[in-house]
Amino acid sequence: MGDETCLKKNKKKRLNRRKEENKGTNISDLPNALICEILSNLPTKEAIRTSVLSKHWRHQWKNIYKFELKEESHDRRENFKDFFVKRLLRGCNNSLSLKKFCLSCEVGEDAALINIWLTAFISSGIEELILDFESVTEQLYFPEGVFNSPTLKKFHLSMPFALILPLNYNFKNLKELTLKHVVFQDGPSTQQLFSSCRSLQDMTLVDCNWMNVGTVCICSPSLQSLTIREWNDDDEEQEEEEEENGRNQPPSQCQIVIIGSKLKTFSYDGDMANHYFFYCTGSVVNASVCIRAWQSSLENAFFVFKMLKAFPSVEKLSITDAAIETLCHAPCLIQHLPRFNKLTQLQVQTDMPMNFPCAAFITILRNSPCLQTLEFDNKGIYAAEEGDGAGALSIPACFGSHLKKITIHGFSGNSLELNAIKYLLRAMPVLEEFNIYSSAYVVNSVGGVDRLEDLYNKIIAFPRASQDCDLYLE
């Protein structure tokens, strides 16, 4: 009997010990601050679903500081609207104090409803605001408090419609600004927008409409990174309609002045739709000049020339074959291209196999005495027969002293491509690594593997100035 009592006591002790060990692991016992942190880092829809876990968690989602709402995460648009109205607007009772608010949806005929959402969720204490709108046909309005918020650090707006700003505002602490598809209302309001961002460090402008602006200056004293993309719309039906109505006039170009004494990174990708003027941009060390289609006019060549001229201290440069080809149609400018004494990495983005010995490209190489890495992306390079192309060129100084790595993509193995490779191998005594990546067509064709092996054996037999160069073909 005594043994049985002792066994019961020991069993009870073990149970109590286990309860003590497990104490604090129940999700209802987690501190509210930790619960808030967990929920804030979940997708908003999933965060709200945690209200069924326990009574303690029923209203915890109302304390989260980050909402990320995307229409694409709902099966139907009506479900998305119901979720917004029934669960968020009614459930929060204006008690939220969000630090981050992200909303991505189509507007359509619901502009008034979207305006209600913006007013309800965007407070003056917001730190990060990300808005992506499509199918906008009516004006959207933002709470005036957001434009004078001392806490707003990041503002991203994608909206194919006019951006209407209040008369007085100040983005005094804004660090990162992204505007996509925005229609700028006029010159003065656009200038006020850029001038108010005194603390801005990163600006991205994607396919914005500048036609109402005329002239504007981007001159934030703290700006370190500027990205501009401006692609012309390829809407053939619209062009045909404008031709029929006699309205097919070239769009008015905006004059954009960029002053960047602290600018480190600059990227342009577009169709030369506007005029750019650069001042105090010698601090740029990473630049990209991507022209989508080459054009033979002197004006377009001067566009590319001005951009290259603006970055004499660049260390890493990416340029498209279309930009180089555009320069080739203006021999008078090629001889005045700047020296890039600090350039160590050069990438050429090719949409078509590029003629390696073209005058503009060879001049860029000659003016880059410290170049160490050269990459031809996407479609590779070619050269004419020896004695009529690369073989007749004088060797750029960087080839003999600094260039250590070459990478070629899109190699198909024709004789003109082999000519270019032969020239490069023979011209570079300090080359350490030569990487050649074949096109998908070669790899996937019948006998592709055997053909690659034959090509490799040909290339490995070419005379090489550097005996220590590792050659790689894939």
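Residues numbered from 1 in each chain as written. Predicted model: local features only at pLDDT ≥ 70, side-chain atom pairs only at ≥ 80, totals over all residues. Heavy atoms only, no water.

Naming follows an unreviewed UniProt entry, where the chain appears as F-box/LRR-repeat protein At3g59190-like of Arachis duranensis.

1. Quick notes on the overall build of the chain
For the chain, the helix and strand inventory stands at 15 helices and 22 strands. The buried share of the chain, taken over its 474 residues, is 45%. Once local pairs closer than 6 in sequence are excluded, the contacts in the chain between residues at least 24 apart make up 69%. (Helix = DSSP H or I, 4+ residues; strand = E, 2+ residues; numbered from the N terminus. Buried < 20%, exposed > 50% of the residue type's maximum accessible area, 1.4 Å probe, protein only. Contact = heavy atoms within 4.5 Å.)

2. Digging into the pairing of strand 20 (residues 405-411)
Extensive coverage of strand 20 is indicated by the burial of 5 of its 7 residues. As defined by bridge partners, strand 18 (residues 373-377) adjoins strand 20 across 4 bridges and the pair is classed as parallel. Across the sheet, residue Thr373 finds its bridge partner in strand 20, namely Lys405. Sheet topology places strand 20 next to strand 21 (residues 433-438); 6 bridges connect them, and they run parallel. Within the sheet, the bridge partner assigned to Phe411 lies in strand 21 and is Ser438. Crossover handedness for the path strand 20 to helix 13 (residues 415-427) to strand 21: right-handed. (Pairing = 2+ DSSP bridges. Right-handed = clockwise from strand over helix to strand, strands pointing away.)

3. Examining the sheet that holds strand 13 (residues 275-279)
Strands pair in a sheet through their backbones, by hydrogen bonds, and they do so in one of two ways: parallel or antiparallel. Spatial strand order, 9-11-13: 3 strands in an open sheet with parallel pairing. Two strands in the sheet have a free side with no partner beyond their single neighbour: strand 9 (215-218) and strand 13. Strand-to-strand, the axes of this sheet are offset by a mean angle of 20°, without reference to chain direction. (Axes fitted to C-alpha atoms, helices over the stretch in contact; angles between N-to-C directions.)

4. Considerations on the packing of helix 13 against helix 15 (residues 448-460)
Axis separation between helix 13 and helix 15 bottoms out at 10 Å; the angle between their running directions is 35°. Seen along the crossing, helix 13 lies across helix 15 with a hand that is right-handed. Of the residues in helix 15, those in contact with Leu418, Ile421 and Leu425 of helix 13 are Leu455, Lys458 and Ile459. Class assignment of the residues belonging to the contact of helix 13 with helix 15 gives a composition of 5 nonpolar, no polar and 1 charged. (Left-handed = near helix turned anticlockwise from the far one by under 90°. Nonpolar A, V, L, I, M, F, W, Y, C, P; charged D, E, K, R; others polar.)

5. Some remarks on the nonpolar core
Formed by 124 residues in total, the largest nonpolar core has its most connected members in Phe101, Phe133, Phe266, Phe361 and Phe434. With 7 residues, helix 13 is the single largest residue contributor to this core. Among residues more than four places away in sequence, those in contact with Phe434 are Ile406, Ile408, Ile421, Leu424, Leu425, Cys469, Asp470, Leu471 and Tyr472. (Core = buried A, V, L, I, M, F, W, Y, C linked by side-chain atoms within 4.5 Å.)

6. What about the pattern of salt bridges?
Per the stated rule, a full pass over the model turns up 6 salt bridges. For Glu68, the salt bridge is made with Lys100, and the minimal N-O distance between the two is 3.2 Å. Taken together, the positions of Glu68 in strand 1 (residues 66-70) and Lys100 in strand 2 (residues 100-108) put the pair 32 residues apart, joining distant regions of the chain. Here Glu68 falls in the partly exposed class, since its relative accessible area comes to 34%. (Salt bridge = Lys/Arg side-chain N within 4 Å of Asp/Glu carboxyl O.)

7. A closer look at the side chain of Asp207
Position of Asp207 among the secondary structure elements: in the loop between strand 8 (202-206) and strand 9. Within polar-contact distance, the side chain of Asp207 engages the side chain of Arg229 at 2.4 Å. A polar side-chain atom of Asp207 sits 2.9 Å from the main-chain amide nitrogen of Trp231. With residues near it in sequence (within four places) discarded, Asp207 still touches His181, Arg229, Glu230 and Trp231. (Polar contact = N/O pair within 3.5 Å; in protein donor to acceptor, adjacent residues only side chain to side chain.)

8. What about the packing of aromatic side chains?
Per the counting criterion, the structure on display carries 21 aromatic pairs. On the numbers, 5.6 Å between centres and 55° between planes, the contact of Phe356 with Tyr423 is tilted. Residue Phe356 is found in the loop between strand 17 (354-355) and helix 11 (359-366), and its partner Tyr423 is found in helix 13; the two are separated by 67 residues along the sequence. Comparing Phe356 with Tyr423 shows no difference in burial state: the two are buried. Clustering of aromatic rings is evident, with ring pairs tying together Phe142, Phe147, Phe155, Tyr169 and Phe171. For the cation-ring pair, Arg229 lies above Trp231, with the distance from its terminal atom to the ring centre recorded as 4.1 Å. (Phe/Tyr/Trp six-rings, centres within 6.5 Å; stacked < 30°, edge-to-face > 60°. Lys NZ or Arg CZ within 6 Å of the ring centre and 35° of its normal.)

9. Side note on unusual backbone geometry
For Met272, which is not a glycine, the phi torsion comes out positive at approximately 60°. Assignment of secondary structure puts Met272 in the loop between strand 12 (265-270) and strand 13. By relative accessible area, Met272 is classed as buried at 5%. Within the chain, Asn378 stands out as a residue other than glycine whose phi angle is a positive 85°. As for its position among the elements, Asn378 is in the loop between strand 18 and strand 19 (381-382). Taking relative accessible area as the criterion, Asn378 reaches 41% and is therefore assigned partly exposed.

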